[in-house]
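If you want the building blocks of each chain, they are given just below.
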Amino acid sequence: MELNRQAMQLARTQLPTALAERIERRQEEIEARDRQWGADRVRVYSYMENLGWPPLFGFDFNRFYSDPDFMFEQELRQRIFWLDNTVGDDQAGWGMAPTTGFYWDITLFGQHITTTPGGVPEFQPHPLAQARDLKALDRFRFHDSGDMPLLRRQFDALQRLSADEAGGRVTVEFPRFTRGPLDIFVQLRGYERFVEDVTEAPAFVHAALALLVDERTRFNRERAAWLGEAFPPAATFVADDWINPPFISPAIFRTFVIPAYRRIQDAEGRVEGFHTCGPLGALVGDLLAAFPGIGTLDVSGWNDVAALDQAVDPAIAFHCQVRNVTVLAGPESEHRQLLAGLRQVAGRRRLAVGAQSIVMLHQNLAENFCRLNHFIELARVLLAR
């Protein structure tokens, strides 16, 4: 296939209209698939890994974070490019959110993060790594701590740009704190020290995780008050990528993490969704007992989906992710075998399939999108009911 590069060539003033046209076209395509295969079909979608955009468009990610004017334009261009060059069921939409990367929330606790031009975050040593001292964890000030001043500037600027350049169509939402406490604690303390702590100082681990949960809740409460929203919300979400056996054993999960998760549920209300990049099989029973209101599980490509399907109530939906190396480099025979297994699971529960985190794996940029689209089209046919 030949890449459609119109998104890189349009004048800035043309971008909102061009995006609206692409959104309308994609919606028509989705509705046509619904008529062909049924509205309850398995949706197949994908997304570009954020690290994939700089080499494609040729920009420095530090500019993206520091210049809201550039962020606004680049977001529109990226959405147009994605809709022009992919065939998934994903829809671009008009929502935008301030961001300084995936780890803005950890900066609230005094973590300093720099970013390479290509977008890779580089974490500077945190004082908590040097001693078991919770005083090393900064108590954030909502408007002033970590990346909050920059996020606030982005928020104000994106709203203004939406009104001035897009007729107010772009909706800007300030980010919520959804990260789980284990992610933060292991990042600040270091994995090796964490393993020592669970053996040598379990009370310290419990206290640290409880404090991080309380700070998460305080952030979300102050965010709601600032924006005039209700708190607690009707439901919330937890993303905790260090829930990742064998690095985290079932005993560690049950002893240290589950009490912290119950603390989230008690303070913030029903947890309706959970994400980790790790395998869930050994932990899922305890997880669902702690979060009985979960309706959707993100199921990473490291899971045995068939085994997980047997262990989980079929009322809970699976968002199954297929690893990008499988999508972009695996043979069709591997794709067919994987999709046949997912089809079996789709017979028992609601299922969506994501071709995960696309990057520029092949030097020929067009080949990446050709392989992605082939996988999506194959999945759409093989998963049809």
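Refer to the preceding data block for the structure.
Thresholds, definitions, all that
- Residues numbered from 1 in each chain as written.
- Predicted model: local features only at pLDDT ≥ 70, side-chain atom pairs only at ≥ 80, totals over all residues.
- Heavy atoms only, no water.
- Pairing = 2+ DSSP bridges.
- Helix = DSSP H or I, 4+ residues; strand = E, 2+ residues; numbered from the N terminus.
- Axes fitted to C-alpha atoms, helices over the stretch in contact; angles between N-to-C directions.
- Phe/Tyr/Trp six-rings, centres within 6.5 Å; stacked < 30°, edge-to-face > 60°.
- Buried < 20%, exposed > 50% of the residue type's maximum accessible area, 1.4 Å probe, protein only.
- Lys NZ or Arg CZ within 6 Å of the ring centre and 35° of its normal.
- Parallel < 35°, antiparallel > 145°, perpendicular 65-115°, else oblique.
- Left-handed = near helix turned anticlockwise from the far one by under 90°.
- Contact = heavy atoms within 4.5 Å.
- Nonpolar A, V, L, I, M, F, W, Y, C, P; charged D, E, K, R; others polar.
- Expected span 1.5 Å × (residues − 1).
- Right-handed = clockwise from strand over helix to strand, strands pointing away.
- Arc of directions from axis to C-beta.

**Q** Sorry, what's going on with the sheet that holds strand β10 (residues 351-358) here?
**A** Hydrogen bonding along the main chain pairs the strands of a sheet, whether they run parallel or antiparallel. Read across the sheet, six strands follow the order β1-β10-β9-β8-β7-β6 without closing on themselves; strand pairing throughout is parallel. The open sheet has two edge strands, β1 (43-48) and β6 (236-239), and neither has a second partner. Taking each pair of neighbouring strands and ignoring which way they run, the sheet shows an average axis angle of 15°. Of the strand pairs in this sheet, β1 and β10 are connected by five bridges, and their pairing is parallel. Bridge pairing in β10 links Val44 to Val353.

**Q** Where do I start with the packing of aromatic side chains in this structure?
**A** Applying the stated rule across the entire model yields 33 aromatic pairs. Between Trp53 and Trp82, the ring centres sit 6.5 Å apart and the planes meet at 70°, which makes this aromatic pair edge-to-face. Here Trp53, found in helix α3 (residues 53-57), pairs with Trp82, found in helix α5 (residues 68-85); they are 29 residues apart in sequence, far enough to count as distant. A single burial state applies to Trp53 and to Trp82, both of which are buried. Members of the aromatic cluster, connected to one another through ring pairs, are Trp104, Phe109, Phe140, Phe142, Phe155, Phe174, Phe177, Phe219 and Trp226. Stacked on the ring of Trp302, the Lys or Arg Arg323 has its end atom at 4.0 Å from the ring centre. For Arg349, the ring lying beneath its charged end belongs to Phe318, and the centroid distance is 4.0 Å.

**Q** Teacher, can you tell me more about the packing of helix α7 (residues 181-189) against helix α9 (residues 202-227) here?
**A** The description of two helices packed together rests on the angle between their axes and the distance between the axes. The N-to-C vectors of α7 and α9 enclose an angle of 120°; their axes lie 9 Å apart at closest approach. Comparing the axis directions of α7 and α9 gives the class oblique. Two packed elements cross with a definite hand, and for α7 against α9 that hand is right-handed. On α9, the residues that touch Pro181, Leu182, Ile184, Phe185 and Arg189 of α7 are Phe204, Val205, Ala208, Leu209, Leu212 and Val213. Class assignment of the residues belonging to the contact of α7 with α9 gives a composition of 10 nonpolar, no polar and one charged.

**Q** How should helix α2 (residues 15-37) be read in this particular structure?
**A** Three or four residues apart is the spacing at which side chains of an α-helix point the same way, because the helix has 3.6 residues per turn. In this model α2 runs 33 Å from its N-terminal to its C-terminal C-alpha over 23 residues, within 8% of the 33 Å that 1.5 Å per residue would give. Within α2, the full set of buried residues consists of Leu15, Pro16, Ala18, Leu19, Arg22, Ile23, Arg26, Ile30, Arg33 and Asp34. On the buried face of α2, the contacting elements are α1 (6-9), β1, α5, α6 (148-165) and α15 (365-382). Just downstream of α2 lies Gly38, where phi reads positive at about 100°.

**Q** I'm lost on unusual backbone geometry in this one. Help?
**A** With the exception of glycine, the majority of residues adopt a negative phi angle, and the majority of peptide bonds are in the trans configuration. With an omega dihedral of 0°, the bond running from Phe231 to Pro232 counts as a cis peptide bond. Within the secondary structure, Pro232 is located in the loop between α9 and β6. Cis geometry is found at the peptide bond from Pro245 to Pro246, where omega equals 5°.

**Q** Please explain the environment of Gly273 as it appears in this structure.
**A** With respect to the element layout, Gly273 can be found in strand β7 (residues 271-275). Residue class for Gly273 comes out buried when judged on its relative accessible area of 3%. Taking the C-alpha atoms as reference, Gly273 lies 7.7 Å from Asp298; in sequence the two are 25 residues apart. When neighbours within four sequence positions are excluded, Gly273 is seen to be in contact with Thr236, Phe237, Val238, Ile294 and Thr296.

**Q** Got a minute to help me understand the pairing of strand β8 (residues 296-299) in this structure?
**A** A regular strand carries its side chains on alternate faces of the sheet. The sheet contact formed by β7 and β8 spans two bridges and is parallel. When the sheet's bridge partners are listed, Gly273 is paired in β8 with Thr296. Following the chain from β7 across helix α11 (residues 284-290) to the adjacent parallel β8, one finds a crossover that is right-handed. Note: β8 against strand β9 (residues 317-322), four bridges, orientation parallel. Residue pairing for β9: Asp298 is matched across the bridge by His319. Handedness of the β-α-β unit built from β8, helix α12 (residues 305-311) and β9 comes out right-handed.

**Q** Would you mind going over helix α8 (residues 191-200) with me for this structure?
**A** Those residues of α8 not exposed but buried are Phe194, Asp197 and Val198. Across the axial projection of α8, the buried residues extend over an arc of 95°, all falling on one side. Seen from the buried face of α8, the exposed residues on the opposite side, beyond 90 degrees, are Glu192, Thr199 and Glu200. Where the residues of α8 are buried, they touch α7, α9 and α10 (250-268).

**Q** How should the packing of α7 against α8 be read in this particular structure?
**A** Across the interface, α7 lies against α8 with an axial gap of 6 Å and an inter-helix angle of 110°. By the angle class used here, α7 and α8 are roughly perpendicular. Here Leu182, Phe185, Val186 and Arg189 of α7 come into contact with α8, specifically with Tyr191, Arg193, Phe194 and Asp197. Class assignment for the residues of the contact of α7 with α8 results in five nonpolar, no polar and three charged.

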